Amino acid sequence: DGADGAGTVMKRNDTISFNWILANYHSSMAIDNDDGSCYYDTHDNVLINAAFGTAFGGYSLKSDFGGHSNYHHDNLDLF
C-alpha cells in the first residue's frame, strides 16, 4: 500500500539479508544486480568474493546495464 493507504504500482523491495555468500567458480561478483534488476535491499550479509582473474577478491556488488534502485548497506565485504 502507498503512504496514504491507497494502492500503488511501485514494487516493494526484495530483500537479501543475513546470508554468508561465497562467490567462487569464476563468478564476477558476490551479488550481481544488473540487466534490469531493481528494488533490491541487500543488507547484513557476509560477502566473500574471489573474482575470476584476480588473486584475491574483486567486487561484492554489481549494478549496471539497466539495474537501478538497489540498496547495498551494512554488509561485511571480505577480500
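Data block above holds the structure.
Calculation notes
- Residue positions are given per chain, counting from 1 as you read along its sequence in written order.
- This being a predicted model, a pLDDT of at least 70 is required before a residue's local features are given, and a value of 80 or more before pairs of side-chain atoms are given or counted; all residues contribute to the totals for chains, interfaces and linings.
- Hydrogen atoms and water are omitted, and side-chain values are computed over all heavy atoms in the structure.
- Strands pair, by our definition, only if DSSP identifies at least two bridges between them.
- A helix here means a DSSP run of H or I that spans at least four residues, while a strand means a run of E at least two residues long, and both kinds are numbered starting from the N terminus.
- Here, axes are lines fitted to C-alpha atoms. For helices the fit covers the stretch in contact, and angles between N-to-C directions go from 0 to 180 degrees.
- Polar contacts, as used here, are pairs of N or O atoms within 3.5 Å; protein pairs need one atom able to donate a hydrogen and one able to accept it. Residues neighboring in sequence count only if both atoms are side-chain atoms.
- Put simply, buried Ala, Val, Leu, Ile, Met, Phe, Trp, Tyr and Cys residues joined by side-chain atoms within 4.5 Å make one nonpolar core.
- Only protein chains enter the accessibility calculation, which uses a 1.4 Å probe. A residue is then buried if its area is under 20% of the maximum for its type, exposed if over 50%, and partly exposed in between.
- We call two residues in contact when some of their heavy atoms are within 4.5 Å.

1. Some details on the sheet that holds strand β1 (residues 14–17)
Taken in spatial order, the three strands line up as β1-β4-β7 in an open sheet, and their pairing is parallel. Whereas interior strands pair on both sides, the edge strands pair on one side only; in this sheet they are β1 and β7 (68–73). Each adjacent strand pair in this sheet contributes to an overall mean axis angle of 10°, direction not counted. Bridge count for β1 against strand β4 (residues 38–43) is four bridges, and the pairing is parallel. Within the sheet, the bridge partner assigned to D14 lies in β4 and is Y40.

2. Some details on the environment of N19
Tracing the sequence through the fold places N19 in the loop between β1 and β2 (20–23). Residues N19 and V46 lie 27 residues apart in sequence; the distance between their C-alpha atoms is 6.2 Å. A distance of 2.9 Å separates a polar side-chain atom of N19 from the backbone oxygen of S17.

3. Points about the nonpolar core
In this structure, I21, A23, A30, I31 and L47 together form the largest nonpolar core, which totals five residues. If we skip the residues at most four places from it in the chain, I21 touches A30, I31, V46, L47 and I48.

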